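# Overview (structure and organization)
What follows is the residue order along each chain.
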Amino acid sequence: MQNDVVLTMRGICKQFPGTRALNNVDFTLRKGEIHALMGENGAGKSTLIKVLTGVYEKDGGSIHVDGSEKEAHIRSPQDAQKIGISTVYQEITLCPNLTVAENMFIGRTGDRIVHWKEYEKKTAEILNSLGIPARPRQELSRCSLAVQQMVAIARAVDMQCKVLILDEPTSSLDEKEVEMLFGLMRDLKRRGVGIIFVTHFLEQVYAVSDRITVLRNGELVGEYVVQDLPQVELVAKMMGKDLNDLADLEEVGRKSLSGSEVVYQAQGLSSTESRPFDFMIHQGEVNGFTGLLGSGRSESVRAIFGADRVTGGKVMVHGKPVRISKPYDAMKASIGYLPEDRKRDGIIADLSVRDNIILALQVMKGFFHPMSRSQMEQFADEYIKALQIKTASQDTPIGSLSGGNQQKVILARWLLTHPDFLILDEPTRGIDVGTKLEIQKLVLQLAEEQHMSVTFISSEIEEMLRVCSRLIVMRDRKIVGELTGSDLNQATVMKTIAGGEQ
Amino acid sequence: MRSSVKGRGTSGLGQLIIPLVALALLVLFNLFRDPSFFSISMATNNAGNPVLSGNLISIIDSASELAIISMGMTLVTASCGGQDISVGAVGAIAGAIFVKVVLGFASINVGVVILGILACCVVTILFKMFNGTLVAVFRIQPMIATLILYSCGRSIAYWINGDATPQINSPIISAMGMTIPGIPVPTPIFAVVLVGLLLALIFRLTNTRLYSQTVGINQGAARLNGINPVATKLLSFGLLGICVAIAAVIGVARLGNLSHKTILVDIEMDAILAVAIGGNNLGGGRFRLSGSILGAYIIQMLTTTLYAMNVATVNVKAYKAIVIIVIVVAGSPVVKARLTALWNRLRSGSAGTAGKEVA
Ligand SMILES: Nc1ncnc2c1ncn2[C@@H]1O[C@H](COP(=O)(O)OP(=O)(O)OP(=O)(O)O)[C@@H](O)[C@H]1O
Ligand SMILES: [Mg+2]
């Protein structure tokens, strides 16, 4: 092999009960290269990374580091760190109840006596240089998901590494932060670090990567130089479908539907986390909250659902005043809410896919009306098929599904309750391109055919523009504008978000 | 950092494999040592009624209180992610209440006994609501929240009957603690079945199981799905309270007296162990009652076996500890993951090696 290779994986196999996650996969990483690892949800990307970093034991194959003939034995993430592989996993693996500084340095202080003062100073420097809006002594759980993700990245990058692995690091970052991360990646690349980059954002792949390896159903499809693989072909390789099928998917059109009955209306609604705001949605309407991270868009929808403690405001559902002070009240008023942070607020990790799907509906049916087993199985089956959830069985614990598939299960949970008003906070986070379009189509279809009202939040403005007929723009936790009709274009939205011309 | 193996619930029968193997090994060991160890014979008791006797019967009989409390402990563990260490002490209080109520009547008939049991249940539920409130509302660790009652419960039991250890002489009570004339099986065994059926019925008719597991795994997400975590935790404490009351009544009936010092003594530790041996995660979440019941019988069989081997009473605890450590380690996530990996490799042995040769 050439001596610019830092990492070779050959014939990697990994079997989980009921799933062949990796089958004879090869992967090569060169020095100073950004290598995108692509594939649909459940293709095996995260598994390949976890095998490489010793989280999972591989069933077969070999790993060589630095072009050496000798097999590298990586049995634990610590081993991986020692030989210079540092990783940001898809699900944030920091300790929420420790401070930012502690999270940055824990497990890396060696056997020396720890001088936290010194580490806090260092942390402050790193946070500063990366522009991460957090304080070293802040408890991590008090930071937003995006900041947590940035801290995880900072932790990984700060280590002296030869290989840096980023598994969907950008899923909850906004454009500015993504640019910052890319700057960092290019920097490291110049220093000769090999970077493995997993993402479902195709533009990001083309913006930074040199090479792409595509996986499908745990098998290697191929390795390509970026210039030789146009976007359409990449998608086709990932999905294993013809381009024609894709063209069909692209035909998602925006539909404007208002003037009908107002399903939900709030006046001066506020919670412990959000300032008072007004909001309303018509039957069959799809609208959205947009704004930068921390602009208060998620906090607003949480107030609607009663997820945080509601502190004031008047709420009318179907024209009748109701009091929504906790999620159960909202569910009774036929409101559904898919939370932003699926690991913390969404999944019940050890419970089966089936229990996770039926959970909300079961709660709504009431404590004394448990569904029969066969009914649960039928519902679960229906939605596993409808959303093409990749799982070994209904009994598989949701925690062992791939990230994107977990997201689909939570989506299924709320679709199953058939709410009048569904709030989706980042429903397509971590979902592959093909499915993303399917979900957008589904949202429009629900609105049109079942007259469901949907409030949609997404960090991707294009996605918002594709599905929403009305955009509520937030800045600094206040609503600063509402866009409809011809104002719904990228330029106007960006301008409103940023705060006019300045 | 969290280890990847932690907390993954094993589905299906997986959880029960270790306790079943442990039980089987204990049975085999005893059969090897003494082939007649498990033989059952018909005998007549003091009252002249035919009763079944033998080691097996005595093991199942004397494990009754433990089995019942283990079931309740499993529920609390599942929803609160912690254990109640006051079950023995609250059991003593319950026993005292039972005795007090029953002795308050001139003659003891079935109605009086039922009244006593009900009073007992009310008291234990109240005490458990106190614990439950501390845990669910004030978010105090269950072990700390129950520590207070653990240390003062037996004194309270002593006061209730005016600083005495009262006796009850009644055929009804002794039928409850030993055997009902005409039925050769000890009554406490029926109580275990009854409690088991009751809980099974509750799981069938309500969402208790789903809710307590959900709350135990991810309380925040449970709330966002409309579940009330406080009510769920209180419910499991309430059910534990009923279990404690029934165990306490059996404890009193067995001896025909109330000894506040010895009734249900050390049962909290055995109950926690039974939950753990049954493969349930002491950190909360998914659970299996059958595992805990199995755990209770394993502990009792171990004790009986050690006594049958003429191990001195002072040493029994030490030997018990050793065996239990082995079982708990064998069921630990780390060892389990290793064993599963080994099993998978053995099963796909031929395919695996073929793949390696190619590479
Ligand atoms: N711990 C586990 N136990 C059982 N099955 C697992 C486990 N981890 C992953 N799998 C299965 O292996 C397959 C590959 O999962 P993986 O997480 O590698 O997908 P992915 O490519 O990262 O997908 P995504 O884009 O959704 O993150 C999936 O079918 C998943 O269900
Ligand atoms: Mg993944």
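See the structure shown above.
A brief look at the structure comes next. In this text the structure is predicted, and so the values were computed from the model without any measurement. (Residues numbered from 1 in each chain as written. Chains lettered and ligands numbered in written order. Predicted model: local features only at pLDDT ≥ 70, side-chain atom pairs only at ≥ 80, totals over all residues. Heavy atoms only, no water.)

As a further point, take the environment of B:Gly331. Residues and elements named next belong to chain B. Note that Gly 331 resides in the loop between α14 (313-330) and α15 (333-347). Its relative accessible area of 26% is what places Gly 331 among the partly exposed residues. Linking Gly 331 and Gln 15, residues 316 residues apart in sequence, is a C-alpha distance of 8.4 Å. Setting aside anything within four residues of it in sequence, one finds Gly 331 in contact with Ile 18 and Lys 336. (Helix = DSSP H or I, 4+ residues; strand = E, 2+ residues; numbered from the N terminus. Buried < 20%, exposed > 50% of the residue type's maximum accessible area, 1.4 Å probe, protein only. Contact = heavy atoms within 4.5 Å.)

A few words now on the interface of chain B and chain A. The interface is formed by 28 residues belonging to chain B together with 45 residues belonging to chain A. Contact between chain B and chain A buries roughly 2800 Å² in total, counting both sides, with carbon and sulfur atoms accounting for 58%. Taken together, chain B and chain A are joined by zero salt bridges. When residues in the side of chain B that touches chain A are grouped by element, the largest group, six residues, is from helix α9 (residues 208-217) of chain B. (Buried area = accessible area lost by both parts, 1.4 Å probe. Salt bridge = Lys/Arg side-chain N within 4 Å of Asp/Glu carboxyl O.)

This brings us to a negative patch on the surface. Residues and elements named next belong to chain A. A cluster of acidic residues, Glu 175, Glu 179, Glu 203 and Glu 462, forms a negative patch at the surface. Relative to the elements of secondary structure, Glu 179 occurs in helix α6 (residues 175-190). On the accessibility criterion, Glu 179 (47% relative accessible area) is partly exposed. (Patch = residues over 30% accessible without salt bridge, like charges linked within 9 Å, V, L, I, M, F, W, Y side chains within 5 Å. Areas by Shrake-Rupley, 256 points an atom, 1.4 Å probe, with all protein chains shown as cover. Lys, Arg positive; Asp, Glu negative; His and termini not counted. Charge placed at Lys NZ, Arg CZ, Asp CG, Glu CD.)

For the rest of this paragraph, the subject is the sheet that holds strand β19 (residues 478-484) of chain A. Residues and elements named next belong to chain A. In space, the six strands of this open sheet follow the order β15-β16-β17-β12-β18-β19, with mixed pairing throughout. What marks the edges here is a single partner per strand, and that holds for β15 (335-338) and β19. Each strand axis lies, on average, 20 degrees off the axis of its neighbour in the sheet, ignoring direction. As paired elements, strand β12 (residues 286-291) and strand β17 (residues 453-457) share four bridges and run parallel to each other. Bridge pairing links Phe 289 to Ile 457 in β17. Running over the sheet, helix α16 (residues 433-449) touches β12, β16 (421-425) and β17 and is turned about 135 degrees from β12. (Pairing = 2+ DSSP bridges. Axes fitted to C-alpha atoms, helices over the stretch in contact; angles between N-to-C directions.)

The next thing to look at is the coordination of the magnesium ion (ligand 2). All names here are of chain A. Looking at the magnesium ion (ligand 2), one finds its protein donor set to be Ser 46 (OG) and Gln 90 (OE1), positioned 2.0 to 2.1 Å from the metal centre. Pair noted here: Ser 46 is in helix α1 (residues 45-52) and Gln 90 is in the loop between β5 (85-88) and α3 (100-105), with a separation of 44 residues, a long-range link. Neither Ser 46 nor Gln 90 differs from the other in exposure class; each is buried. (Donors = N, O, S within 2.8 Å, 3.2 Å for Na, K, Ca; no water.)

Moving on: the pattern of salt bridges. Residue and element names in this part refer to chain B. On inspection of all chains with the given rule, the structure shows 25 salt bridges over all chains. Among the ionic pairs, Asp 61 bridges to Arg 254, the shortest N-O distance being 3.2 Å. In this pair, Asp 61 sits in helix α2 (residues 55-62) while Arg 254 sits in helix α11 (residues 229-255), placing the two residues 193 residues apart along the sequence. Glu 65 is paired through a salt bridge with Arg 254; the nearest N and O atoms lie 3.0 Å apart. Separated by 189 residues along the polypeptide, Glu 65 in helix α3 (residues 64-80) and Arg 254 in helix α11 bring together distant segments of the chain.

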